[in-house]
Amino acid sequence: MQVLYSSFGFVLSYIMRYRYSVSLQNMTKSFPLASYEEISKYHKSFYKHLSRMLLEGLCVLRPTLHIEKDSLKLLKDIKKENKHVILVLGHYGNWEVLSQLPLSVDMKVQALYKPIKNKFWNRLMLSIRQKHGVELIPSQNALRTLVKQKNSPAITFFIADQFPGGSKGLVVDFLSQPTRVLMGAEHIAKLLDAHVVYGELSPKDNHSWQLRVESICESAKQTDQGFISTSFFAKLEQSIQNLPHIWLWTHKRWKKR
């Protein structure tokens, strides 16, 4: 399997040159103290990881999701408190495998999504993501839908490391540079007074991913403005420092304002 990932990764990087300069520039700026050899190693490993993501996403390979024992216990304990869970993650690991989360937890699982303009691809992605019971909420209806669920023990997950655009969002120190970040997950968490947890997906083996969750706050309403967002990005940065190559480096997250 590693040979397949490496071969496809070589095609993506050296033949197709898929966002090659973007990913290399992002890595170089994010690890200013790293040597040329270290950056080259991270960069090559990233394309190997990206090839795995694409093969799993297209259902050529079928990965499975495992949840750490302590993380599963944390989610069960939160359910007993009848609290809504806001699970925040980055584009780290294979976030698509979270579609299997309903198979492991006794709670409703839902996620926000932005409909794709192409109807064929929109239907395909909906069928893949809803296959195991995840409920998808159109992003334009998110606030209204979630506020109605304030006292429901559900898990709503957010991929929360996108670029907010222009001069929007909060500025945090992330990967050695000032970074504008979205605050939508924090805003909704406060409205729901949710228990907010950070999720980290790491490779368990060639066919599966492991989810680890840790608490950011038990009562979002009681936190200062920006605490949840800042804490999330600090935890995400630590994850990236541990395994740099499994973050999505091809996104233009540091666009000029």
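All values reported here derive from a predicted model rather than from experimental measurement. (Residues numbered from 1 in each chain as written. Predicted model: local features only at pLDDT ≥ 70, side-chain atom pairs only at ≥ 80, totals over all residues. Heavy atoms only, no water.)

*Asks:* Can you tell me about the packing of helix H1 (residues 2-15) against helix H3 (residues 36-57), naming the residues and giving the values?
*Replies:* It is at 7 Å that the axes of H1 and H3 come closest, and there the two elements cross at 105°. With respect to each other, H1 and H3 are oriented roughly perpendicular. Mapping the contact onto sequence places Gln2, Leu4, Tyr5, Ser6, Phe8, Gly9, Leu12 and Ser13 in H1 and Tyr47, Lys48, Leu50, Ser51, Arg52, Leu54, Leu55 and Glu56 in H3. Here the contact of H1 with H3 is built from residues that sort into eight nonpolar, five polar and three charged. (Axes fitted to C-alpha atoms, helices over the stretch in contact; angles between N-to-C directions. Helix = DSSP H or I, 4+ residues; strand = E, 2+ residues; numbered from the N terminus. Parallel < 35°, antiparallel > 145°, perpendicular 65-115°, else oblique. Contact = heavy atoms within 4.5 Å. Nonpolar A, V, L, I, M, F, W, Y, C, P; charged D, E, K, R; others polar.)

*Asks:* Go over helix H8 (residues 227-242) with me, naming the residues and quoting the values.
*Replies:* Each α-helix turn comprises 3.6 residues. Residues three or four places apart therefore point the same way. In this model H8 runs 23 Å from its N-terminal to its C-terminal C-alpha over 16 residues, within 8% of the 22 Å that 1.5 Å per residue would give. Taken as a whole, H8 has its buried residues at Ile228, Ser229, Ser231, Phe232, Phe233, Leu236, Ser239 and Ile240. Buried residues along H8 sit in contact with strand E2 (85-89), strand E6 (170-174), strand E7 (177-181), helix H7 (184-192), strand E8 (195-205) and strand E9 (208-217). (Expected span 1.5 Å × (residues − 1). Buried < 20%, exposed > 50% of the residue type's maximum accessible area, 1.4 Å probe, protein only.)

*Asks:* Tell me about unusual backbone geometry, and name the residues and values.
*Replies:* A positive phi angle, near 60°, is found at Asn82, a position not held by glycine. Topologically, Asn82 is positioned in the loop between helix H4 (69-80) and E2. The exposure class assigned to Asn82 is partly exposed, which follows from its relative accessible area of 42%. Positive phi is not limited to glycine here, since Leu175 has a value of about 55°. Relative to the helices and strands, Leu175 is located in the loop between E6 and E7. A residue is classified by how much of its surface remains accessible, and Leu175, at 0% relative accessible area, is buried.

*Asks:* Give me the pairing of strand E3 (residues 108-113): which residues, what numbers.
*Replies:* Two elements, E3 and strand E5 (residues 154-159), share four bridges in a ladder whose sense is parallel. When the bridges of E5 are listed, Ala111 appears paired with Phe157. Note on the crossover from E3 through helix H5 (residues 119-130) to strand E4 (residues 135-138): the handedness is right-handed. (Pairing = 2+ DSSP bridges. Right-handed = clockwise from strand over helix to strand, strands pointing away.)

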